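# A structural walkthrough
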Amino acid sequence: MYFRVPLILFLLASAAPSDANLFSRGSEHIIRSISTAHRHAVKRSSNLARDLRRALSPILVSQDGSSQSVYCVTGDGLIGSGGGSSSGSSGGSGSGGSASSKASGTSTASAASSSSSASSSPWKLQQNYEGDSFFNDWTFFTASDPTDGNVQYVDSSTASSGNLTGINSAGNAYMRVDTTQTVSGNRQSVRITTNYTFTQGLVVLDAVHAPTGCATWPAFWTDGPNWPNGGEIDIMEGVNSLTINQASIHTADGCTLPSSDSSTLGISGTVVGGTNCAAEESGDAGCGVQSSETNSFGSGFNAIGGGVYAMQWTDDGIKVWFFPRSSIPSDISNSAPQPSGWGTPLSFWPSTDCNMTTYFYDHQAIFDTTLCGQWAGDAWDSTSGTGQSQSCATMTGVSTCADYVANNGDGFTEAYWEVKSVKIYQESS
Ligand SMILES: *[C@@H]1O[C@H](CO)[C@@H](O)[C@H](O)[C@H]1NC(C)=O
Ligand SMILES: *[C@@H]1O[C@H](CO)[C@@H](O)[C@H](O)[C@H]1NC(C)=O
Ligand SMILES: *[C@@H]1O[C@H](CO)[C@@H](O)[C@H](O)[C@H]1NC(C)=O
């Protein structure tokens, strides 16, 4: 794929805080989108080193001209054969998952607003990643980080023996970044992709804690093949000390939002960037929607014990909801989801001008926590697009993100996912 990132906007994205302050809030959205854009250029590109170099070299070496060309090679080669049951799908009924799901149901029963019963849910549980078997049906990504982060993604046994992954006493799965104080080179982390592949569906993440802190760039997202042709749906993503979430879609040419107005779309979030969701036509700004809730990401999310993100993808479009821990609908806790009763979503990308089977297919869900790289690293010296009042360089007193990562393991004690469950449903027919 081939698209352009205007050089001036790329430079703005790297602007020092004093420079960034010269620009309006609107410009900051653009800065953020463009910053997001060039990281996505490489996030979705192949994990092969040659492809990374191809993707990055125009950005890294070009010093003139009015625009930058980014050549993006697609696919990460992890697409499975799809469907089918697995040990993961039945794992939730095991000891760990059972305890976990009971706890969740009990704590949220008072938030019930739906009068539905399990039998009336239009959604049927296909995959349940929960409890002791949480990690069974994921593939650990071990290539160098496609986003140029200062991480070394480790395999399943290295992660487990090094306590980067595990199941805690609450029955929740955790994925940590190595906290060894000093490392030479990159710091160990985890990136996992579901073996399960799905087209349309309902993905429900119940997380207690999300990675946060300077240098971190965590995400929970779904992705199709031959990026951007199979489409990408970013459900939960941010960097550094952000406490607001940004959900985004990225597509092939021809998919647009009918409006950027929140009330027209019927969403609680704010459209940032444009209404053209096509990666190649928008410099991969895509169609991002930012939450206004400061408990939707990072330390704000963790302070309330997290909550649930639900992403519904049907013929009508894609919606994302966020429910803080204290207001998770009981039908979600009961695994009998009734999205029609969930109220205004954080974001909605309707099918009006974007066919949901043409632009999105064969997705897999992914967790990762990278460090530095094309978003957190580029934002190290800046407050732009990070929602921070001070840059991470100022906050940490360390001049580069890479130096911080190498020498400050104690800065990553909060850089972990703690997940009660990921459930993937299909509409019953
Ligand atoms: C998931 O895929 C990986 C290989 O990518 C494999 O090692 C693992 O066994 C698979 N899990 C299941 C439950 O089939
Ligand atoms: C492994 O990591 C978990 C989660 O961070 C932590 O609670 C536990 O103490 C660690 N175990 C060991 C043996 O270090
Ligand atoms: C989307 O595209 C598919 C395949 O071309 C077509 O069958 C379907 O009717 C389209 N859906 C809508 C809502 O236009």
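Note that the coordinates shown come from a computational prediction; the quantities given were computed from them, not determined experimentally. (Residues numbered from 1 in each chain as written. Chains lettered and ligands numbered in written order. Predicted model: local features only at pLDDT ≥ 70, side-chain atom pairs only at ≥ 80, totals over all residues.)

## A word on the overall build of the protein chain
The secondary structure content of the protein chain amounts to 13 helices and 20 strands. Burial analysis of the protein chain (429 residues in total) assigns 55% to the buried set. (Helix = DSSP H or I, 4+ residues; strand = E, 2+ residues; numbered from the N terminus. Buried ≥ 20, exposed ≤ 12 C-beta atoms within 10 Å, placed from the backbone.)

## Some details on the environment of S382
Along the chain, S382 turns up in the loop between α11 (373–377) and α12 (392–396). Each C-alpha atom of the pair S382 and A393 lies 8.0 Å from the other, and the pair is eleven residues apart in sequence.

## Considering the confidence of the model for the protein chain
A residue-level look at the protein chain finds 71% of positions with pLDDT of 70 or above and a mean pLDDT of 78. Overall, residues 1–118 carries pLDDT values under 50, and its contacts beyond four positions in sequence, including any with other chains, amount to 241 contacts. (pLDDT = per-residue confidence, 0-100. Contact = placed C-beta atoms within 7 Å.)

## A closer look at the site of ligand 2
Looking at ligand 2, the residues that line it are N163, G166, Y174, R176 and Y416. Along the lines of polarity and charge, the residues of the shell around ligand 2 split into two nonpolar, two polar and one charged. (Near = placed C-beta within 6 Å. Nonpolar A, V, L, I, M, F, W, Y, C, P; charged D, E, K, R; others polar.)

## With respect to the site of ligand 3
Close to ligand 3 lie D315, S351, N355, T357 and T358, which account for all nearby residues. Grouping the amino acids of the shell around ligand 3 by side-chain chemistry returns no nonpolar, four polar and one charged.

## Some points on the sheet that holds strand β4 (residues 138–140)
Taken in spatial order, the eight strands line up as β4-β9-β19-β11-β12-β13-β15-β14 in an open sheet, and their pairing is antiparallel. Of all the strands in the sheet, just β4 and β14 (270–272) have a single pairing partner and so form its edges. Averaged over neighbouring strand pairs, the angle between their axes works out to 20 degrees when direction is ignored. When strand β11 (residues 216–223) meets strand β19 (residues 364–371), the two strands line up antiparallel, connected through eight bridges. In the strand pairing of β19, W217 is matched with T370. (Pairing = 2+ DSSP bridges. Axes fitted to C-alpha atoms, helices over the stretch in contact; angles between N-to-C directions.)

## Examining the environment of V151
Mapped onto the secondary structure, V151 falls in strand β5 (residues 151–153). With 219 residues separating them in the primary sequence, V151 and T370 have C-alpha atoms 6.0 Å apart. Once residues within four sequence positions are removed from consideration, V151 is found in contact with D145, N186, R187, S189, T370 and L371.

## What to know about the pairing of β19
The buried count for β19 comes to eight of eight residues, which makes it a mostly enclosed element. The alternating pattern of β19 places Q364, I366, D368 and T370 on one face and A365, F367, T369 and L371 on the opposite face, and all of these are buried. Strand direction decides the pairing type here: strand β9 (residues 191–194) and β19, joined by three bridges, are antiparallel. Within the sheet, the bridge partner assigned to R191 lies in β19 and is D368.

## Here we look at the pairing of β9
The alternating pattern of β9 places R191 and T193 and I192 and T194 on opposite faces, both of which are buried. Where β4 meets β9, three bridges bridge the pair, whose relative direction is antiparallel. Within the sheet, the bridge partner assigned to F140 lies in β9 and is I192.

## A word on the nonpolar core
Within the largest apolar cluster, 94 residues are counted, with the highest numbers of intra-cluster contacts made by L205, A215, I235, Y309, M311 and A376. When near neighbours in sequence (up to four residues on either side) are disregarded, L205 contacts F220, I235, M236, V308, Y309 and V422. (Core = buried A, V, L, I, M, F, W, Y, C linked by C-beta atoms within 7 Å.)

## Overview of unusual backbone geometry
With an omega of 5 degrees, the peptide bond between W227 and P228 qualifies as cis. Relative to the helices and strands, P228 resides in the loop between β11 and β12 (232–237). Although it is not a glycine, S335 adopts a positive phi angle of roughly 55 degrees. Positionally, S335 belongs in the loop between α10 (330–333) and β18 (347–350). On the basis of neighbour counts, which here come to 21 C-beta atoms within 10 Å, the residue S335 falls in the buried class. For D362, which is not a glycine, the phi torsion comes out positive at approximately 50 degrees.

## Side note on the environment of H363
If you trace the backbone, H363 turns up in the loop between β18 and β19. When the C-alpha atoms of H363 and E232 are compared, they prove to be 8.0 Å apart, with 131 residues separating the residues in sequence. In this structure H363 touches T197, F198, T222, D223 and G224, once residues within four positions along its chain are discounted.

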